[in-house]
Structures are given as structure tokens and as C-alpha cells.
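Per-entry structural report
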Amino acid sequence: MTVQLIRTADLYGGVEYAYAAVAPPGALIFAAGACPLDESGATIGPGDVRAQARACVANLRAALAAAGAGLGDVLKTTVYVASARRTDLVAAWEEIRTAFGEHDVPSTLLGVTVLGYTDQLVELEAVALRPNSAVR
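Computed from a prediction, not measured in an experiment: that's the story for all the values here. The written sequence of each chain sets the order in which its residues are numbered from 1. Whole-chain, interface and lining totals are the exception, using all residues; otherwise, since this is a predicted model, local features are given only for residues with pLDDT of at least 70 and side-chain atom pairs are given and counted only at 80 or more. In computing side-chain properties, one takes all heavy atoms of the structure into account and sets aside hydrogens as well as water.

Quick look at the overall build of the chain now. A run of DSSP states H or I qualifies as a helix once it reaches four residues; a run of E qualifies as a strand once it reaches two. Both are numbered from the N-terminal end. Counting secondary structure elements, the chain contains two helices and six strands. Put simply, the chain runs from its N terminus to its C terminus through helices and strands in the order β-β-β-α-β-α-β-β. Contact between two residues is taken to exist if any of their heavy atoms lie within 4.5 Å; hydrogens are not considered. For the chain, long-range pairs separated by at least 24 residues make up 75% of all intrachain contacts whose partners lie at least 6 apart in sequence. The accessible surface values rely on the Shrake-Rupley method and a 1.4 Å probe; as for residues, cover is taken only from the protein chains in view. For the chain, the accessible area works out to roughly 7,400 Å², and carbon and sulfur atoms hold 55% of it.

What follows is the structure, given as C-alpha cells:
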């Protein structure tokens, strides 16, 4: 099974993501928000949006791998950045966008007031499709 990314000439073409994604019948994976936490539960990179975004991607990769998927199987992401500064949102987006490479899935980028862990600035949520899905 593959993810089909949807683009259309009817919408602005200058965005760095597909507008929609379609998956054939199979097992969807709804990943909890990946947080920038290390193995001991400490927040990685306090005050560093880019380091936290990279840590979120690494933790999302691990969660997806445990579910039998990878970044290329993601259907949609939501990126939360605890900042009112657009430069912080862009910094987080650039790190996450780079990690996904050519797989430019539909995404939502949000500035929020606060996230759940001490010193947390970034959280990355995803929906993915388990490739070659079979009920396990």
C-alpha cells in the first residue's frame, strides 16, 4: 500500500506540502504527539526550537517504526510550537520539512501558548498508514 499525495491546480501551488493524502483500506496509525524528550524523560534542547524539532522527528520515527511504518508512510502532520514568534514556527517547520524530504505530506503548523512538558517548545503529531497492512 502506498500513500497518494494530492495536489491540484485549483489551489495555490507555492506551498511546501500536498493538500491532501489518500490511503487505500488498511491500518491507520494515529501517533501521539512526539515530544522532545530523551530516554529519561528530560526535555532535549531547552530554548532551542530547531533542536526540539529534530528530537520530535527522531521520536516520531521511533514510534512509527514500532508500529511498522516510517516517515514515508505519514498521511498528515500537525506541528505545535509554543511561541508567538513566526520565526520560531518557521524554524521548527524547516527542521521537520527537511526530515520528510520529498514526502511533503499535508501539514498544519500552529503557534500555541504552552505545551505539556517543562521547557517544551515543539510537538509533532502524525497520522500514518502501515505499509502492506494486515491486522496484527
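Resuming the write-up.
Moving on, we get to the nonpolar core. Considering soluble globular proteins, one finds that nonpolar side chains tend to be buried as a cluster. If you look at the biggest cluster of nonpolar residues, it comprises 30 residues, and the most contacted ones within it are Leu 60, Leu 64, Val 74, Ile 96, Phe 100, Val 122 and Leu 124. Among the elements of the structure, strand E3 (28-34), helix H1 (49-66), strand E4 (74-81), helix H2 (86-100) and strand E6 (122-129) are those that each provide at least two residues to this core. Here the element with the most residues in this core is H1; it accounts for six residues. For Leu 64, the residues in contact, after removing those within four places along its chain, are Ile 29, Ala 69, Gly 70, Leu 71, Val 74 and Ala 128. Among buried residues, those of type Ala, Val, Leu, Ile, Met, Phe, Trp, Tyr and Cys that are joined through side-chain atoms within 4.5 Å constitute a nonpolar core. Exposure classes here rest on a 1.4 Å probe applied to the protein chains alone. A residue is buried below 20% of its type maximum, exposed above 50%, and partly exposed in between.

We now examine H2. In a helix, the anticipated span is given by 1.5 Å times the number of residues less one. Its 15 residues place the ends of H2 21 Å apart at the C-alpha level, agreeing with the 21 Å of an ideal helix rising 1.5 Å per residue. Inspection of H2 places Asp 88, Leu 89, Ala 91, Ala 92, Trp 93, Glu 95, Ile 96, Arg 97 and Phe 100 among the buried residues, and these make up the whole buried set. Turning to H2, the residues buried within the fold contact H1, E4, strand E5 (107-111) and E6. Looking one or two residues beyond H2, the residue adopting positive phi is Gly 101, at roughly 55°.

Residues with a pLDDT of 70 or more make up 88% of the chain, whose mean pLDDT is 87. Summarising per-element confidence for the chain, the mean pLDDT is lowest in strand E2 (residues 20-22) (66) and highest in H2 (98). Per-residue confidence from the prediction method is given by pLDDT, with values spanning 0 to 100.

For the rest of this paragraph, the subject is unusual backbone geometry. Where the residue is not glycine, phi is negative for most of them; where a peptide bond is considered, it is trans in most cases. Positive phi values are uncommon outside glycine, yet Asp 119 reaches one of about 65°. Of note, Asp 119 is situated in the loop between E5 and E6.

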